Amino acid sequence: MDWTHYRFLSEWPLPAPPAAVFAVLERAEDYPRWWPQVRTATRLDDTTGVITIRSLLPYAVTFTARSVRRDAAAGVLEIAMSGDIDGWARWTVTPAGPGSLVHYEQVVEVNKPLLRRLAVPGRPLFRANHRLMMRAGRRGLVAYLGTV
């Protein structure tokens, strides 16, 4: 097993229509407004930006995100990531009753030296840290959707 390889899956039921959710998720530069763990999101051009995240554990992760798929009709946003983590992440937004269901999938390899050194003993903490970040992201997005 490669201890520096992670696959994360999350589902967020949201009380807003898919088009509204997609419109917020496609503006990554606004993530710091509603997602506390996204510390910075700086757009470099139409398809690329630099994002820094930090959750409960005392380390930040910075990566370049490059859009590889933006399909509003299918509700899919996908990025390639490089930097402290390499891999990809995908949002898929679908209708669910009066609201939406957002499926998030991420597959990454950790490059940051500290996280690589702590890969085996820290793995359960890193996974828990990610769950906390995703939970806070959902709460923040629900609140933000109520204001836009």
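Coordinates for the structure precede this section.
Residues numbered from 1 in each chain as written. Predicted model: local features only at pLDDT ≥ 70, side-chain atom pairs only at ≥ 80, totals over all residues. Heavy atoms only, no water.

**Things to note about the pairing of strand β2 (residues 38–43)**
Under the convention used in this document: Being paired, for any two strands, means DSSP has found at least two bridges between them. Elements are defined by DSSP. Helices are runs of H or I of four residues or more, strands are runs of E of two residues or more, and each kind is numbered from the N terminus.
Two strands pair when backbone bridges link them, and β2 and strand β3 (residues 48–53) are joined in this way by five bridges, in the antiparallel orientation. Following the sheet pairing, Thr42 is matched in β3 by Val50. Between β2 and β3, which follow one another and run antiparallel, lie four residues.

**Digging into the nonpolar core**
Let me state the cut-off plainly: We call a set of buried residues a nonpolar core when its members are Ala, Val, Leu, Ile, Met, Phe, Trp, Tyr or Cys and they connect through side-chain atoms within 4.5 Å of each other. Burial here depends on accessible area, computed with a 1.4 Å probe over protein chains only, as a share of the maximum for the residue type. Under 20% is buried, over 50% is exposed, and the range in between is partly exposed.
One finds Trp12, Leu25, Trp34, Trp35 and Trp91 to be the most contacted residues of the largest nonpolar core, which totals 38 residues. The element best represented in this core is helix α4 (residues 119–145), accounting for six residues.

**Here's the deal with the sheet that holds strand β1 (residues 5–14)**
Worth spelling out the cut-off: A fitted line through C-alpha atoms represents every axis, and for helices the fit uses only the stretch in contact; the resulting angles, taken between N-to-C directions, go from 0 to 180 degrees. Here, residues are in contact when the closest pair of their heavy atoms is within 4.5 Å.
One open sheet accounts for seven strands, arranged β1-β7-β6-β5-β4-β3-β2; its pairing is antiparallel. Each of the sheet's edge strands pairs with one partner strand only, and the pair in question is β1 and β2. Across the sheet, the mean angle separating the axes of adjacent strands is 20 degrees when strand polarity is ignored. The sheet contacts of helix α1 (residues 18–25) involve β1, β4 (61–71), β5 (76–83), β6 (85–96) and β7 (99–110), and relative to β6 the element is tilted by about 160 degrees.

**Remarks on the packing of α1 against α4**
The test is simple: Every angle not falling under 35 degrees, over 145, or within 65 to 115 is termed oblique; those three ranges are roughly parallel, roughly antiparallel and roughly perpendicular. Note on convention: near helix rotated counterclockwise from far helix by under a right angle means a left-handed crossing. Clockwise means right-handed. Gly is placed with the polar residues, together with every amino acid not listed as nonpolar (Ala, Val, Leu, Ile, Met, Phe, Trp, Tyr, Cys and Pro) or charged (Asp, Glu, Lys and Arg).
The N-to-C vectors of α1 and α4 enclose an angle of 115 degrees; their axes lie 11 Å apart at closest approach. The angle between α1 and α4 falls in the class roughly perpendicular. Here α1 runs over α4; the crossing is right-handed. Of α4, the residues touching α1 (which contributes Ala20, Val21, Val24 and Leu25) are Leu141, Tyr144 and Leu145. When grouped by side-chain class, the residues that make up the contact of α1 with α4 number seven nonpolar, no polar and no charged.

**As for a nonpolar patch on the surface**
Under the convention used in this document: Like-charged residues within 9 Å of one another, or nonpolar side chains (Val, Leu, Ile, Met, Phe, Trp, Tyr) within 5 Å, are grouped into patches, provided each residue has over 30% relative accessible area and no salt bridge. With residues, only the protein chains shown are counted as cover, and all accessible areas are computed by Shrake-Rupley using a 1.4 Å probe. Salt bridges are identified by distance alone: a Lys or Arg side-chain nitrogen within 4 Å of an Asp or Glu carboxyl oxygen.
Together, Met1, Trp3 and Val120 give the surface a local cluster of nonpolar side chains, amounting to about 350 Å² of exposed area. Its place among the elements puts Val120 in helix α4.

**Re α4**
This is how the line gets drawn: Expected span of a helix, by definition, is 1.5 Å for each gap between consecutive residues, and there is one gap fewer than residues. The angle between axes fitted to the seven-residue stretch ending at a residue and the seven-residue stretch beginning at it gives the bend at that residue.
Under the 1.5 Å per step criterion, the end-to-end length of α4 is 36 Å for 27 residues, consistent within 8% with the ideal 39 Å. The largest bend in α4 comes to about 30 degrees, at Leu125.

**Things to note about the packing of aromatic side chains**
Applicable threshold: Here a Phe, Tyr or Trp ring, Trp counted by its six-membered ring, pairs with any other such ring whose centre lies within 6.5 Å, and the pair is stacked when the planes are under 30 degrees apart, edge-to-face when over 60, and tilted otherwise. Here, a charge over a ring means that NZ of Lys or CZ of Arg falls within 6 Å of the ring centre while also lying within 35 degrees of the ring normal.
Enumeration over the complete set of coordinates arrives at nine aromatic pairs. Ring centres of Trp91 and Tyr104 lie 4.6 Å apart, and the angle between their planes is 55 degrees; on these two criteria the pair is classed as tilted. Of this pair, Trp91 sits in strand β6 while Tyr104 sits in strand β7; the two residues are 13 residues apart in sequence, bridging distant segments of the chain. An aromatic cluster is present here, built from Trp12, Tyr31, Trp34, Trp35, Trp91 and Tyr104 joined pairwise through their rings. Its guanidinium or amino end placed over the ring of Tyr6, Arg123 lies 4.2 Å from that ring's centre, counting from NZ or CZ.

**Description of the pattern of salt bridges**
Counted according to the given criterion, the structure contains nine salt bridges. Between Glu105 and Arg7 there is a salt bridge; the shortest N-O distance is 2.4 Å. Linking Glu105 in strand β7 with Arg7 in strand β1, this pair joins segments that are 98 residues apart in sequence. We classify Glu105 as buried; its relative accessible area is 11%. The class for Arg7 is partly exposed, based on a relative accessible area of 48%.

**Regarding the environment of Ser82**
Topologically, Ser82 is positioned in strand β5. As a C-alpha pair, Ser82 and Pro113 span 31 residues in sequence and 14 Å in three-dimensional space. Residue contacts for Ser82: discarding those within four places in its chain leaves Phe63 and Thr64.

This is a description of form; function is not addressed.
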